[in-house]
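If you want the building blocks of each chain, they are given just below.
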Amino acid sequence: DQQVKQNSPSLSVQEGRISILNCDYTNSMFDYFLWYKKYPAEGPTFLISISSIKDKNEDGRFTVFLNKSAKHLSLHIVPSQPGDSAVYFCAASAPTSGTYKYIFGTGTRLKVLA
Amino acid sequence: NAGVMQNPRHLVRRRGQEARLRCSPMKGHSHVYWYRQLPEEGLKFMVYLQKENIIDESGMPKERFSAEFPKEGPSILRIQQVVRGDSAAYFCASSPNKDSQYFGPGTRLTVT
């Protein structure tokens, strides 16, 4: 049962344009969401997070949007740079329920073309 | 402040042998999580430990797998009698509190 879904396994974007990565979840108990970036042969690196009390969080070129009613979140990267090419994982947790483990999606491989 | 360290980075074991994976959390972090990533899949939670305690092991297979986080030393994920299906990347994460997990570089286990 995949509680966190990333339905696009890959995405190609031209340098300078916006990259939009999507994530859907099924468990309404999730109240904390994160995006991680992963390069080959390395561990995931934290990018940005959002609590369910917000609908938007911005950090530099990265913005995460949360639509609780649709159980959907998205990561916007603008402008996209070649160094952003990596696999992006969406993750969710339910800390207020006492569960601190992260549930990860299967990832979206982003390729930014120079 | 060094990041999360995992060793070995690569481990090859024959079927039936034991695998021991080590994780040293970041300084000051007392929460450790283990995740497994199979090829072309996301990371799957295995176990959450605090010093000397297993808090949540709901993602750990009931047989052959065990984890510990002793008072002194690294956290250890132990896999007994490995099978080919155990081949995966195993990631450890640590945190100073109950969120903000920082990941190590992973151990790639290959079972031949």
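Reading guide: rules and limits
Residues numbered from 1 in each chain as written. Chains lettered and ligands numbered in written order. Predicted model: local features only at pLDDT ≥ 70, side-chain atom pairs only at ≥ 80, totals over all residues. Heavy atoms only, no water. Pairing = 2+ DSSP bridges. Helix = DSSP H or I, 4+ residues; strand = E, 2+ residues; numbered from the N terminus. Patch = residues over 30% accessible without salt bridge, like charges linked within 9 Å, V, L, I, M, F, W, Y side chains within 5 Å. Areas by Shrake-Rupley, 256 points an atom, 1.4 Å probe, with all protein chains shown as cover. Salt bridge = Lys/Arg side-chain N within 4 Å of Asp/Glu carboxyl O. Buried < 20%, exposed > 50% of the residue type's maximum accessible area, 1.4 Å probe, protein only. Contact = heavy atoms within 4.5 Å. Buried area = accessible area lost by both parts, 1.4 Å probe. Nonpolar A, V, L, I, M, F, W, Y, C, P; charged D, E, K, R; others polar. Disulfide = S-S within 2.5 Å. Axes fitted to C-alpha atoms, helices over the stretch in contact; angles between N-to-C directions.

Remarks on the sheet that holds strand S1 (residues 4-5) of chain A
Within a sheet, each strand pairs with its neighbour through backbone hydrogen bonds, oriented either parallel or antiparallel.
Residues and elements named next belong to chain A.
Okay, step 1: The five strands lie next to each other as S1-S3-S8-S7-S6, forming an open sheet whose pairing is antiparallel. Of all the strands in the sheet, just S1 and strand S6 (56-59) have a single pairing partner and so form its edges.
Okay, step 2: Bridge count between strand S3 (residues 19-25) and strand S8 (residues 72-77): six bridges; the pairing is antiparallel. When the sheet's bridge partners are listed, Ile20 is paired in S8 with His76.

Re a nonpolar patch on the surface
All names here are of chain A.
Okay, step 1: Judged by side-chain polarity, Ile18, Ile20 and Val78 come together as a nonpolar surface patch covering roughly 230 Å² of accessible area.
Okay, step 2: By secondary structure assignment, the location of Val78 is in the loop between S8 and strand S9 (86-94).
Okay, step 3: Judged by relative accessible area, which is 43%, Val78 ranks as partly exposed.

So, the interface of chain A and chain B
Okay, step 1: The interface is formed by 16 residues belonging to chain A together with 21 residues belonging to chain B.
Okay, step 2: Interface area for chain A against chain B, summed over the two sides, is near 1500 Å², with a carbon-plus-sulfur share of 58%.
Okay, step 3: It is Tyr100, Lys101 and Tyr102 of chain A that lose the most area in chain A upon contact with chain B, and together they represent 37% of the buried surface on that side.
Okay, step 4: Summed over the shared surface of chain A and chain B, the number is zero salt bridges.
Okay, step 5: Mapped by element, the contributors of at least two residues to the side of chain A that touches chain B are strand S4 (32-38) and strand S10 (99-104) of chain A.
Okay, step 6: With five residues, the top contributor of residues to the side of chain A that touches chain B is S10 of chain A.
Okay, step 7: For the side of chain A that touches chain B, the per-class residue count stands at eight nonpolar, five polar and three charged.

A word on the pattern of salt bridges
Okay, step 1: Applying the stated criterion across every chain, the model contains six salt bridges over all chains.
Okay, step 2: A salt bridge links Asp84 of chain A to Arg61 of chain A; the nearest nitrogen and oxygen atoms lie 2.8 Å apart. Taken as a pair, Asp84 of chain A in the loop between S8 and S9 and Arg61 of chain A in the loop between S6 and strand S7 (62-67) lie far apart in primary sequence, 23 residues in all.
Okay, step 3: The exposure class assigned to Asp84 of chain A is buried, which follows from its relative accessible area of 2%.
Okay, step 4: What makes Arg61 of chain A partly exposed here is its relative accessible area of 21%.
Okay, step 5: The salt bridge involving Lys44 of chain B is made with Glu41 of chain B; its shortest N-O contact spans 4.0 Å.
Okay, step 6: A relative accessible area of 30% means that Glu41 of chain B is categorised as partly exposed.

Digging into the state of the cysteines
Residue and element names in this part refer to chain A.
Okay, step 1: Applying the stated rule across the entire model yields two disulfides over all chains.
Okay, step 2: Here Cys23 pairs with Cys90 through a disulfide, and the sulfurs are 1.9 Å apart. For the disulfide bridge between Cys23 and Cys90, the dihedral angle about the S-S bond is near -65 degrees, and by the sign convention the bridge is left-handed. Taken together, the residues Cys23 in strand S3 and Cys90 in strand S9 connect sequence positions 67 residues apart.

Concerning the sheet that holds strand S3 (residues 19-24) of chain B
Residues and elements named next belong to chain B.
Okay, step 1: Taken in spatial order, the four strands of this open sheet run S1-S3-S8-S7, and their pairing is antiparallel. Of all strands in the sheet, those with a lone pairing partner are strand S1 (5-7) and strand S7 (65-68), marking the two edges. Strand after strand, the sheet turns through a mean of 15 degrees between neighbouring axes, direction not considered.
Okay, step 2: In this sheet, strand S8 (residues 75-79) lies alongside S3 in antiparallel orientation, the contact comprising five bridges. Within S8, the residue paired with Arg20 across the bridge is Arg78.

Treat this as a map of the structure, not an account of what it does.
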